[in-house]
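Each chain is listed here by its residues.
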Amino acid sequence: MTTATKAHPTAPAAAPPSRTLSSAPAPSLPSLTGLRWMAALLVFGLHVHNFRYFGGAGGRIVTWGFEAGASGVSFFFILSGFVLMWSARPGDRATRFWWRRVARVYPVHLVTVALALVMVCTLPRQPRPTLLQGLADVFLVHSWWRPWWQTLDPVSWSLACEAFFYAAFPLLALVLRRLGGRGATALAALSVLTVLALAWTDAHHWWAQPISSFPAARLPEFVLGAAVARLVLLGRWRGPGLEASLALAVIGYFLVPQVTAEYAATACTITGFALLIPAAAVADLHGLPSLWRRRRLVRLGELSFAFYMVHLLVLRAGTRLLGTRPRFDLLTGAAVAAVAFTVSLGLSWLLYEGVERPARRLLLRRPARRRTA
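The structure presented is a predicted model; accordingly, all values stated were derived computationally and were not measured.

Draft legend 1. Layout of helix α12 (residues 330–364). Between its terminal C-alpha atoms α12 stretches 47 Å, which fits the 51 Å expected from 35 residues at 1.5 Å a residue. Largest kink in α12: about 40°, centred on Tyr352. Along α12, the residues classified as buried are Gly333, Val336, Ala337, Ala340, Ser344, Ser348, Leu351, Tyr352, Val355, Glu356 and Ala359. The elements touched by buried residues of α12 are α1 (30–50), α4 (94–122) and α11 (295–322).

Draft legend 2. The arrangement of the nonpolar core in detail. If you look at the biggest cluster of nonpolar residues, it comprises 93 residues, and the most contacted ones within it are Leu32, Tyr53, Phe82 and Phe169. Among the nonpolar cores identified, the runner-up in size contains 7 residues, and Ala116, Val120, Leu123 and Leu313 belong to it.

Draft legend 3. Region of the structure containing the environment of Gly91. Checked against the element boundaries, Gly91 lands in the loop between α3 (71–87) and α4. Assessed through its relative accessible area of 74%, Gly91 is described here as exposed. Separated by 74 residues in sequence, Gly91 and Phe165 place their C-alpha atoms 19 Å apart.

Draft legend 4. A nonpolar patch on the surface, seen in detail. Where nonpolar side chains cluster on the molecular surface, the patch consists of Leu131, Leu135, Phe139, Val141 and Trp144 and spans about 520 Å² of accessible area. With respect to the helices and strands, Leu135 occurs in helix α5 (residues 131–138).

Draft legend 5. Focus on a positive patch on the surface. On the surface, a cluster of positive charge is contributed by Arg89, Arg93, Arg96 and Arg366. Mapped onto the elements of the fold, Arg93 is located in the loop between α3 and α4. Among the residues examined, Arg93 registers a relative accessible area of 52% and is labelled exposed.

Draft legend 6. Expanded view of helix α2 (residues 56–66). Along α2, the residues that are buried comprise Gly58, Gly59, Val62 and Gly65. In an axial view of α2, the angular spread of the buried residues amounts to 135°, which keeps them on one side of the axis. Turned more than 90 degrees away from the buried face of α2, the exposed residues are Arg60 and Trp64. Considering only its buried residues, α2 is in contact with α1, α9 (242–255) and α12.

Draft legend 7. Inspection of the pattern of salt bridges at higher detail. A complete count under the given rule lists 8 salt bridges for this structure. Notably, a salt bridge pairs Asp92 with Arg100, separated by 2.4 Å at the nearest N-O pair. Accessibility expressed as a relative area gives 22% for Asp92, which makes it partly exposed. The salt bridge involving Arg299 is made with Glu353; its shortest N-O contact spans 2.7 Å. Taken together, the positions of Arg299 in helix α11 and Glu353 in helix α12 put the pair 54 residues apart, joining distant regions of the chain. Under the relative-accessibility criterion, Glu353 is labelled partly exposed at 27%. Overlapping salt bridges, with partners in common, bring together Arg299, Glu302, Glu353 and Arg357 in one network.

Draft legend 8. Representation of unusual backbone geometry in the model. One non-glycine residue with positive phi stands out, namely Arg325, at about 50°. For Arg327, which is not glycine, the phi torsion reads 55° and is therefore positive. As for its position among the elements, Arg327 is in the loop between α11 and α12. Under the relative-accessibility criterion, Arg327 is labelled partly exposed at 47%.

Cut-offs and rules
- Residues numbered from 1 in each chain as written.
- Predicted model: local features only at pLDDT ≥ 70, side-chain atom pairs only at ≥ 80, totals over all residues.
- Heavy atoms only, no water.
- Helix = DSSP H or I, 4+ residues; strand = E, 2+ residues; numbered from the N terminus.
- Expected span 1.5 Å × (residues − 1).
- Bend = angle between axes of the 7 residues up to and from the residue.
- Buried < 20%, exposed > 50% of the residue type's maximum accessible area, 1.4 Å probe, protein only.
- Contact = heavy atoms within 4.5 Å.
- Core = buried A, V, L, I, M, F, W, Y, C linked by side-chain atoms within 4.5 Å.
- Patch = residues over 30% accessible without salt bridge, like charges linked within 9 Å, V, L, I, M, F, W, Y side chains within 5 Å.
- Areas by Shrake-Rupley, 256 points an atom, 1.4 Å probe, with all protein chains shown as cover.
- Salt bridge = Lys/Arg side-chain N within 4 Å of Asp/Glu carboxyl O.
- Lys, Arg positive; Asp, Glu negative; His and termini not counted.
- Charge placed at Lys NZ, Arg CZ, Asp CG, Glu CD.
- Arc of directions from axis to C-beta.

Now the structure itself:
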(Lines give C-alpha, C1' and ligand atoms only; values in the text may rest on other atoms or scores of the structure.)
Protein backbone atom coordinates (compact mmCIF):
# COMPACT_ATOMS: atom_id res chain seq x y z
CA MET A 1 0.00 0.00 0.00
CA THR A 2 1.76 3.11 -1.20
CA THR A 3 0.98 6.66 -0.21
CA ALA A 4 -0.09 8.93 -3.05
CA THR A 5 1.76 12.20 -3.27
CA LYS A 6 0.24 14.76 -0.95
CA ALA A 7 -0.89 18.35 -1.18
CA HIS A 8 -3.73 20.59 -0.20
CA PRO A 9 -6.84 18.78 -1.49
CA THR A 10 -8.42 21.89 -2.92
CA ALA A 11 -5.43 23.08 -4.91
CA PRO A 12 -4.76 20.67 -7.79
CA ALA A 13 -2.15 21.32 -10.43
CA ALA A 14 -3.37 23.10 -13.51
CA ALA A 15 -1.84 20.98 -16.24
CA PRO A 16 -0.13 17.63 -16.73
CA PRO A 17 3.63 17.64 -16.37
CA SER A 18 6.41 16.50 -18.61
CA ARG A 19 8.99 15.07 -16.22
CA THR A 20 10.82 12.65 -18.44
CA LEU A 21 13.96 14.81 -18.45
CA SER A 22 13.30 16.91 -15.37
CA SER A 23 14.18 16.39 -11.74
CA ALA A 24 11.27 18.54 -10.55
CA PRO A 25 8.95 16.80 -8.06
CA ALA A 26 5.75 15.36 -9.47
CA PRO A 27 2.53 17.32 -8.94
CA SER A 28 0.46 15.95 -6.08
CA LEU A 29 -2.57 13.73 -6.71
CA PRO A 30 -4.84 14.00 -3.65
CA SER A 31 -7.69 12.09 -5.32
CA LEU A 32 -5.58 8.95 -5.26
CA THR A 33 -5.16 9.33 -1.50
CA GLY A 34 -8.93 9.59 -1.13
CA LEU A 35 -9.45 6.51 -3.28
CA ARG A 36 -7.06 4.57 -1.05
CA TRP A 37 -9.47 5.03 1.82
CA MET A 38 -12.36 3.57 -0.18
CA ALA A 39 -10.26 0.49 -1.01
CA ALA A 40 -9.36 0.03 2.67
CA LEU A 41 -13.05 0.34 3.57
CA LEU A 42 -13.92 -2.45 1.14
CA VAL A 43 -11.42 -4.75 2.85
CA PHE A 44 -12.85 -3.84 6.26
CA GLY A 45 -16.36 -4.65 5.03
CA LEU A 46 -15.15 -8.01 3.70
CA HIS A 47 -13.74 -8.96 7.10
CA VAL A 48 -16.91 -7.87 8.91
CA HIS A 49 -18.73 -10.16 6.48
CA ASN A 50 -16.27 -13.00 7.14
CA PHE A 51 -16.66 -12.64 10.93
CA ARG A 52 -20.41 -13.01 10.46
CA TYR A 53 -21.49 -10.04 12.52
CA PHE A 54 -24.80 -10.04 10.66
CA GLY A 55 -27.43 -12.71 10.22
CA GLY A 56 -30.67 -12.81 8.27
CA ALA A 57 -31.44 -9.81 6.08
CA GLY A 58 -28.45 -7.89 7.41
CA GLY A 59 -26.15 -10.72 6.44
CA ARG A 60 -27.54 -10.74 2.91
CA ILE A 61 -27.03 -6.97 2.60
CA VAL A 62 -23.44 -7.17 3.84
CA THR A 63 -22.74 -10.11 1.53
CA TRP A 64 -24.09 -8.15 -1.43
CA GLY A 65 -22.04 -5.08 -0.57
CA PHE A 66 -18.75 -6.56 0.61
CA GLU A 67 -18.36 -10.13 -0.60
CA ALA A 68 -16.06 -8.74 -3.29
CA GLY A 69 -14.11 -6.59 -0.82
CA ALA A 70 -10.86 -8.48 -1.44
CA SER A 71 -10.67 -6.63 -4.75
CA GLY A 72 -9.60 -3.62 -2.70
CA VAL A 73 -6.18 -5.28 -2.41
CA SER A 74 -5.95 -5.49 -6.21
CA PHE A 75 -6.70 -1.76 -6.29
CA PHE A 76 -3.83 -1.18 -3.85
CA PHE A 77 -1.42 -3.14 -6.05
CA ILE A 78 -2.31 -1.16 -9.19
CA LEU A 79 -2.25 2.12 -7.27
CA SER A 80 1.15 1.25 -5.81
CA GLY A 81 2.67 0.83 -9.26
CA PHE A 82 1.09 4.07 -10.46
CA VAL A 83 2.22 6.18 -7.50
CA LEU A 84 5.77 4.84 -7.44
CA MET A 85 6.23 5.45 -11.16
CA TRP A 86 4.62 8.87 -10.87
CA SER A 87 6.88 9.99 -8.05
CA ALA A 88 10.06 8.19 -9.19
CA ARG A 89 13.07 10.48 -9.05
CA PRO A 90 15.31 10.56 -12.13
CA GLY A 91 18.79 9.37 -11.23
CA ASP A 92 17.65 7.92 -7.91
CA ARG A 93 19.73 5.03 -6.61
CA ALA A 94 17.98 1.74 -5.96
CA THR A 95 19.29 1.57 -2.41
CA ARG A 96 17.91 5.01 -1.64
CA PHE A 97 14.51 4.05 -3.05
CA TRP A 98 14.43 0.82 -1.04
CA TRP A 99 15.31 2.65 2.17
CA ARG A 100 12.42 5.08 1.63
CA ARG A 101 10.10 2.09 1.22
CA VAL A 102 11.42 0.54 4.43
CA ALA A 103 10.83 3.83 6.24
CA ARG A 104 7.31 3.93 4.81
CA VAL A 105 6.00 0.48 5.72
CA TYR A 106 8.23 -1.20 8.27
CA PRO A 107 7.52 0.82 11.44
CA VAL A 108 3.76 0.15 11.31
CA HIS A 109 4.39 -3.45 10.24
CA LEU A 110 6.63 -4.12 13.24
CA VAL A 111 4.14 -2.56 15.66
CA THR A 112 1.24 -4.65 14.32
CA VAL A 113 3.43 -7.76 14.50
CA ALA A 114 4.08 -6.95 18.16
CA LEU A 115 0.34 -6.44 18.79
CA ALA A 116 -0.41 -9.76 17.11
CA LEU A 117 2.17 -11.50 19.31
CA VAL A 118 0.57 -10.03 22.43
CA MET A 119 -2.82 -11.31 21.25
CA VAL A 120 -1.39 -14.78 20.60
CA CYS A 121 -0.01 -14.91 24.14
CA THR A 122 -3.05 -13.49 25.94
CA LEU A 123 -6.20 -14.46 24.03
CA PRO A 124 -7.56 -18.00 23.81
CA ARG A 125 -7.94 -19.90 20.56
CA GLN A 126 -5.49 -17.69 18.66
CA PRO A 127 -3.33 -19.53 16.08
CA ARG A 128 0.24 -19.75 17.33
CA PRO A 129 2.91 -19.43 14.64
CA THR A 130 6.15 -21.35 14.72
CA LEU A 131 9.41 -19.44 15.06
CA LEU A 132 10.08 -19.84 11.34
CA GLN A 133 6.61 -18.59 10.44
CA GLY A 134 7.06 -15.58 12.70
CA LEU A 135 10.42 -14.68 11.21
CA ALA A 136 9.04 -15.05 7.69
CA ASP A 137 6.26 -12.62 8.61
CA VAL A 138 8.66 -10.10 10.14
CA PHE A 139 10.90 -10.13 7.05
CA LEU A 140 7.90 -10.08 4.66
CA VAL A 141 8.60 -13.29 2.78
CA HIS A 142 5.71 -15.32 4.17
CA SER A 143 3.48 -14.98 1.10
CA TRP A 144 5.89 -17.10 -0.94
CA TRP A 145 4.91 -20.25 0.94
CA ARG A 146 1.22 -21.01 1.51
CA PRO A 147 1.54 -22.55 5.04
CA TRP A 148 3.07 -19.25 6.21
CA TRP A 149 0.91 -16.74 4.44
CA GLN A 150 -1.49 -15.66 7.22
CA THR A 151 0.54 -15.81 10.40
CA LEU A 152 0.38 -13.09 13.08
CA ASP A 153 -1.34 -10.12 11.35
CA PRO A 154 -3.05 -11.91 8.42
CA VAL A 155 -3.37 -8.85 6.17
CA SER A 156 0.41 -8.51 6.00
CA TRP A 157 0.44 -11.10 3.18
CA SER A 158 -0.21 -8.19 0.81
CA LEU A 159 2.70 -6.29 2.34
CA ALA A 160 4.95 -9.23 1.43
CA CYS A 161 3.74 -8.85 -2.17
CA GLU A 162 4.50 -5.14 -2.01
CA ALA A 163 8.01 -5.90 -0.74
CA PHE A 164 8.57 -7.99 -3.87
CA PHE A 165 7.23 -5.16 -6.04
CA TYR A 166 9.59 -2.71 -4.38
CA ALA A 167 12.51 -5.01 -5.04
CA ALA A 168 11.60 -5.15 -8.73
CA PHE A 169 10.69 -1.48 -9.18
CA PRO A 170 14.11 0.04 -9.97
CA LEU A 171 14.45 -2.31 -12.94
CA LEU A 172 10.85 -1.72 -14.00
CA ALA A 173 11.32 2.06 -13.84
CA LEU A 174 14.48 1.80 -15.93
CA VAL A 175 12.60 -0.15 -18.60
CA LEU A 176 9.60 2.18 -18.61
CA ARG A 177 11.77 5.28 -18.95
CA ARG A 178 13.14 3.82 -22.18
CA LEU A 179 9.64 3.20 -23.55
CA GLY A 180 7.54 5.73 -25.40
CA GLY A 181 3.78 5.86 -25.44
CA ARG A 182 3.38 2.80 -27.66
CA GLY A 183 5.75 0.72 -25.56
CA ALA A 184 4.00 1.66 -22.32
CA THR A 185 0.61 0.88 -23.89
CA ALA A 186 1.89 -2.51 -25.03
CA LEU A 187 3.23 -3.27 -21.56
CA ALA A 188 -0.09 -2.28 -19.96
CA ALA A 189 -2.00 -4.51 -22.40
CA LEU A 190 0.39 -7.39 -21.75
CA SER A 191 -0.13 -6.97 -18.00
CA VAL A 192 -3.92 -7.18 -18.38
CA LEU A 193 -3.64 -10.25 -20.60
CA THR A 194 -1.33 -11.88 -18.04
CA VAL A 195 -3.85 -11.27 -15.27
CA LEU A 196 -6.63 -12.76 -17.40
CA ALA A 197 -4.50 -15.80 -18.24
CA LEU A 198 -3.56 -16.37 -14.61
CA ALA A 199 -7.18 -15.96 -13.55
CA TRP A 200 -8.25 -18.60 -16.10
CA THR A 201 -5.61 -21.08 -14.99
CA ASP A 202 -6.43 -20.50 -11.31
CA ALA A 203 -10.15 -20.99 -11.92
CA HIS A 204 -9.41 -24.28 -13.73
CA HIS A 205 -7.13 -25.53 -10.92
CA TRP A 206 -3.91 -25.60 -12.88
CA TRP A 207 -1.96 -24.68 -9.77
CA ALA A 208 -1.21 -26.92 -6.80
CA GLN A 209 -2.22 -24.08 -4.45
CA PRO A 210 -4.19 -20.82 -4.83
CA ILE A 211 -2.12 -18.01 -6.32
CA SER A 212 -4.11 -15.06 -4.98
CA SER A 213 -1.44 -14.35 -2.36
CA PHE A 214 1.60 -15.39 -4.40
CA PRO A 215 3.75 -12.27 -5.00
CA ALA A 216 4.89 -13.19 -8.52
CA ALA A 217 1.27 -13.74 -9.60
CA ARG A 218 0.29 -10.27 -8.35
CA LEU A 219 3.21 -8.50 -10.04
CA PRO A 220 1.29 -7.83 -13.32
CA GLU A 221 -1.15 -5.59 -11.43
CA PHE A 222 1.74 -3.52 -10.12
CA VAL A 223 3.35 -3.35 -13.58
CA LEU A 224 0.02 -2.27 -15.06
CA GLY A 225 -0.21 0.65 -12.65
CA ALA A 226 3.35 1.74 -13.43
CA ALA A 227 2.78 1.51 -17.21
CA VAL A 228 -0.40 3.59 -16.97
CA ALA A 229 1.45 6.19 -14.90
CA ARG A 230 4.09 6.38 -17.63
CA LEU A 231 1.36 7.18 -20.16
CA VAL A 232 0.00 9.98 -17.98
CA LEU A 233 3.53 11.36 -17.49
CA LEU A 234 4.04 11.40 -21.25
CA GLY A 235 0.67 13.09 -21.80
CA ARG A 236 -0.44 10.06 -23.84
CA TRP A 237 -3.28 8.81 -21.65
CA ARG A 238 -6.57 8.64 -23.59
CA GLY A 239 -8.86 6.81 -21.18
CA PRO A 240 -12.42 7.76 -20.18
CA GLY A 241 -13.18 10.44 -17.62
CA LEU A 242 -13.60 9.99 -13.89
CA GLU A 243 -17.35 9.31 -13.89
CA ALA A 244 -17.25 6.69 -16.66
CA SER A 245 -14.19 5.01 -15.12
CA LEU A 246 -15.87 4.85 -11.73
CA ALA A 247 -18.96 3.28 -13.30
CA LEU A 248 -16.82 0.59 -14.98
CA ALA A 249 -15.01 -0.09 -11.71
CA VAL A 250 -18.31 -0.48 -9.82
CA ILE A 251 -19.68 -2.82 -12.49
CA GLY A 252 -16.56 -4.95 -12.29
CA TYR A 253 -16.78 -5.00 -8.50
CA PHE A 254 -20.30 -6.42 -8.53
CA LEU A 255 -19.35 -8.99 -11.17
CA VAL A 256 -16.89 -10.60 -8.75
CA PRO A 257 -19.47 -12.84 -6.98
CA GLN A 258 -20.36 -14.32 -10.37
CA VAL A 259 -16.93 -15.91 -10.84
CA THR A 260 -14.80 -18.34 -8.90
CA ALA A 261 -13.30 -16.79 -5.79
CA GLU A 262 -9.59 -16.14 -5.15
CA TYR A 263 -7.40 -14.84 -7.98
CA ALA A 264 -10.01 -15.28 -10.73
CA ALA A 265 -11.99 -12.38 -9.29
CA THR A 266 -9.13 -10.04 -10.29
CA ALA A 267 -10.18 -10.41 -13.92
CA CYS A 268 -13.47 -8.63 -13.17
CA THR A 269 -11.96 -5.49 -11.66
CA ILE A 270 -8.61 -5.11 -13.43
CA THR A 271 -9.91 -2.93 -16.29
CA GLY A 272 -12.09 -0.65 -14.18
CA PHE A 273 -9.34 -0.01 -11.63
CA ALA A 274 -6.73 0.55 -14.34
CA LEU A 275 -9.00 3.24 -15.83
CA LEU A 276 -10.16 4.82 -12.56
CA ILE A 277 -6.70 5.55 -11.14
CA PRO A 278 -5.34 7.57 -14.11
CA ALA A 279 -8.73 9.25 -14.55
CA ALA A 280 -8.53 10.52 -10.96
CA ALA A 281 -4.93 11.63 -11.56
CA VAL A 282 -5.87 13.54 -14.70
CA ALA A 283 -8.78 15.17 -12.85
CA ASP A 284 -6.33 16.49 -10.26
CA LEU A 285 -3.86 17.67 -12.89
CA HIS A 286 -6.49 19.62 -14.82
CA GLY A 287 -8.47 20.85 -11.81
CA LEU A 288 -11.56 18.86 -12.82
CA PRO A 289 -14.23 18.03 -10.23
CA SER A 290 -13.34 15.04 -8.05
CA LEU A 291 -15.21 13.72 -5.04
CA TRP A 292 -12.06 11.93 -3.90
CA ARG A 293 -10.15 15.19 -3.41
CA ARG A 294 -12.27 16.32 -0.47
CA ARG A 295 -10.30 17.14 2.63
CA ARG A 296 -11.82 14.50 4.90
CA LEU A 297 -11.38 11.73 2.35
CA VAL A 298 -7.76 12.71 1.82
CA ARG A 299 -7.19 12.69 5.57
CA LEU A 300 -8.76 9.24 5.86
CA GLY A 301 -6.62 8.12 2.94
CA GLU A 302 -3.53 9.16 4.91
CA LEU A 303 -4.68 6.84 7.72
CA SER A 304 -5.62 4.01 5.38
CA PHE A 305 -2.36 2.03 5.61
CA ALA A 306 -2.44 1.97 9.41
CA PHE A 307 -6.18 1.22 9.33
CA TYR A 308 -5.62 -1.67 6.94
CA MET A 309 -2.87 -3.13 9.11
CA VAL A 310 -4.72 -2.90 12.44
CA HIS A 311 -8.42 -3.50 11.69
CA LEU A 312 -8.29 -7.30 11.48
CA LEU A 313 -6.51 -7.47 14.83
CA VAL A 314 -9.39 -5.45 16.32
CA LEU A 315 -11.95 -7.84 14.81
CA ARG A 316 -10.02 -10.82 16.15
CA ALA A 317 -9.82 -9.33 19.62
CA GLY A 318 -13.57 -8.78 19.50
CA THR A 319 -14.22 -12.50 19.34
CA ARG A 320 -13.28 -12.67 23.03
CA LEU A 321 -16.44 -10.68 23.84
CA LEU A 322 -18.70 -11.55 20.93
CA GLY A 323 -17.79 -15.14 20.20
CA THR A 324 -17.23 -16.46 16.69
CA ARG A 325 -19.86 -15.86 14.00
CA PRO A 326 -22.43 -14.19 16.30
CA ARG A 327 -24.90 -13.41 13.46
CA PHE A 328 -26.63 -10.46 15.12
CA ASP A 329 -29.79 -8.82 13.84
CA LEU A 330 -29.37 -5.79 11.59
CA LEU A 331 -29.36 -3.08 14.26
CA THR A 332 -27.14 -4.95 16.72
CA GLY A 333 -24.74 -5.98 13.96
CA ALA A 334 -24.52 -2.41 12.69
CA ALA A 335 -23.78 -1.14 16.22
CA VAL A 336 -21.06 -3.76 16.79
CA ALA A 337 -19.50 -3.09 13.37
CA ALA A 338 -19.57 0.66 14.08
CA VAL A 339 -17.71 0.10 17.38
CA ALA A 340 -15.11 -2.10 15.64
CA PHE A 341 -14.72 0.55 12.93
CA THR A 342 -14.33 3.35 15.46
CA VAL A 343 -11.73 1.45 17.48
CA SER A 344 -9.82 0.55 14.30
CA LEU A 345 -9.90 4.15 13.09
CA GLY A 346 -8.75 5.47 16.46
CA LEU A 347 -5.85 3.02 16.57
CA SER A 348 -4.94 3.88 12.99
CA TRP A 349 -4.74 7.55 13.96
CA LEU A 350 -2.45 6.65 16.86
CA LEU A 351 -0.29 4.52 14.57
CA TYR A 352 -0.09 7.23 11.93
CA GLU A 353 0.67 10.12 14.26
CA GLY A 354 2.69 8.18 16.82
CA VAL A 355 4.57 5.65 14.69
CA GLU A 356 4.30 6.08 10.93
CA ARG A 357 5.07 9.79 10.56
CA PRO A 358 7.74 10.22 13.25
CA ALA A 359 9.50 6.96 12.32
CA ARG A 360 9.60 7.97 8.67
CA ARG A 361 11.02 11.37 9.54
CA LEU A 362 13.62 9.77 11.78
CA LEU A 363 14.70 7.14 9.26
CA LEU A 364 14.88 9.60 6.38
CA ARG A 365 16.55 12.39 8.28
CA ARG A 366 19.76 13.49 6.65
CA PRO A 367 22.73 14.20 8.91
CA ALA A 368 23.45 17.89 9.20
CA ARG A 369 26.43 19.06 7.23
CA ARG A 370 29.39 20.09 9.33
CA ARG A 371 30.13 23.75 9.19
CA THR A 372 33.66 24.67 8.28
CA ALA A 373 35.48 27.66 9.64
